[in-house]
Amino acid sequence: MTWAAFAAAEPDFARTVEQRFGAFRHHVLATLRTDGSPRTSGLEADFRAGELWLGMMDGSLKARDLRRDPRFALQANPGEGTGLGGGDVRIAGRAYEAGAETKAWYVEEAEPPQPFHLFRTEVTEVVLTRVEDETYLVVQVWKPGEAVRTLKRT
């Protein structure tokens, strides 16, 4: 599912997630190494034209990981201190390398440093975890074809 489809299905939740990612420039991407173990790397994520784009340096290990196995998790930068203003946000899905035409469009739109890899994402899960009233841990989970599910714990 594209980011636009998710945003159409859950506009308020999508807006909250985009704002959380927009609060800081750098985030953490998790990919899978050849042996199946996780690799985490810094990354700039970009919401543009109804898609979530992942751009990375040419020849990077995370690009190699995604070419081999498209599964990823993207964690929003938590920010300074321990407050987690806006909550802890994670997006999971699959990422596919963009073709030359799409990449050329992106270069004109975003002017990224070159050379680079560009991946378009398909979203399979969005999770927002936050503290409410300093009492409850609230976890909101969305998956394609489902409404946002909210769990509340003390």
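First things first, this report covers the structure right here in the doc. (Residues numbered from 1 in each chain as written. Predicted model: local features only at pLDDT ≥ 70, side-chain atom pairs only at ≥ 80, totals over all residues. Heavy atoms only, no water.)

1. Some details on the side chain of Ser41
This is how the line gets drawn: Each helix corresponds to a stretch of at least 4 residues labelled H or I by DSSP, and each strand to a stretch of at least 2 residues labelled E; elements are numbered beginning at the N terminus. Two residues qualify as a contact provided that any one of their heavy atoms is within 4.5 Å of a heavy atom in the partner residue.
Tracing the backbone through its elements, the reader meets Ser41 in strand S2 (residues 38–48). The contacts of Ser41, once residues within four sequence positions are left out, are His27, Val28, Leu29 and Lys62.

2. Concerning helix H3 (residues 61–68)
Every α-helix winds through 3.6 residues per turn, so residues three or four apart in the chain are directed the same way. Operational definition: Note on classification: 1.4 Å probe, protein chains only; a residue is buried when its accessible area is under 20% of the maximum for its type, exposed when over 50%, partly exposed between these limits. This arc corresponds to the set of directions leading from the helix axis out to the C-beta atoms.
When we look at burial in H3, the residues that qualify are Lys62, Ala63, Asp65 and Leu66. The arc enclosing the buried residues of H3, seen along the axis, measures out at 160°, which places them on a common side.

3. A few points about the pattern of salt bridges
If charged atoms from side chains of opposite charge come close, those side chains can pair. For clarity, the cut-off: By definition, a salt bridge exists where a carboxyl oxygen of Asp or Glu is found within 4 Å of a side-chain nitrogen of Lys or Arg.
Following the criterion strictly, the structure yields 13 salt bridges and no others. The partner of Glu125 in a salt bridge is Arg90, and the shortest N-O contact between them spans 2.8 Å. Of this pair, Glu125 sits in strand S6 (residues 116–132) while Arg90 sits in strand S5 (residues 88–97), placing them 35 residues apart in sequence. On the basis of relative accessible area, Glu125 is assigned to the buried category, the value being 17%. By relative accessible area, which is 26% here, Arg90 ends up partly exposed. Linking Glu122 and Arg120 is a salt bridge whose minimum nitrogen-to-oxygen distance equals 3.6 Å.

4. Notes on unusual backbone geometry
The step from Gln114 to Pro115 runs through a cis peptide bond, and the omega angle for that step is -5°. Positionally, Pro115 belongs in the loop between helix H4 (100–110) and S6. A positive phi angle is found at Glu111, which is not glycine, with a value near 50°. Mapped onto the elements, Glu111 comes out in the loop between H4 and S6. Residue Glu111 is classed as exposed on the basis of its relative accessible area, which comes to 68%. At Asp133, a position not held by glycine, the phi torsion is positive, near 55°. Inspection of the secondary structure assignment puts Asp133 in the loop between S6 and strand S7 (136–142). When its relative accessible area of 61% is taken as the criterion, Asp133 is described as exposed.

5. Quick word on the nonpolar core
Rules: Buried residues of nine kinds, namely Ala, Val, Leu, Ile, Met, Phe, Trp, Tyr and Cys, make up a nonpolar core once their side-chain atoms join them within 4.5 Å.
Formed by 24 residues in total, the largest nonpolar core has its most connected members in Trp3, Leu54 and Val126. Among the elements of the structure, helix H1 (3–9), helix H2 (11–22), strand S3 (51–57), H3, strand S4 (71–75), S5 and S6 are those that each provide at least two residues to this core. Residues contacting Val126, with those up to four places away along its chain left out, are Trp3, Phe6, Phe13, Val17, Arg90, Ile91, Gln140, Val141 and Trp142. If you look at the next biggest cluster of nonpolar residues, it comprises five residues, including Trp53, Ala98, Tyr106 and Leu118.

6. Brief notes about the packing of aromatic side chains
Note the cut-off: Geometry of aromatic contacts follows a simple scheme: Phe, Tyr and Trp rings, the Trp one being its six-membered ring, pair when their centres are within 6.5 Å, and the pair is stacked under 30 degrees between planes, edge-to-face over 60, tilted otherwise. In this scheme, the term charge over a ring applies when either NZ of a lysine or CZ of an arginine sits within 6 Å of the ring centre and within 35 degrees of the ring normal.
If you walk through the whole model with that rule in mind, you get nine aromatic pairs. Ring centres 6.0 Å apart and planes at 80° place the aromatic pair Phe6 and Phe13 in the edge-to-face group. The residues Phe6 and Phe13 share a single accessibility class, namely buried. Residues Trp53 and Tyr106 carry aromatic rings whose centres are separated by 5.7 Å and whose planes lie at 50° to one another, so their mutual orientation is tilted. In this pair, Trp53 sits in strand S3 while Tyr106 sits in helix H4, placing the two residues 53 residues apart along the sequence. Each member of the pair, Trp53 as well as Tyr106, carries the same accessibility label: buried. Grouping aromatic residues by their ring pairs yields a cluster made of Trp3, Phe6, Phe13, Phe21, Phe47 and Trp142. Of note, Lys103 hangs over the ring of Phe116, and the distance from its end group to the ring centre comes to 4.7 Å.

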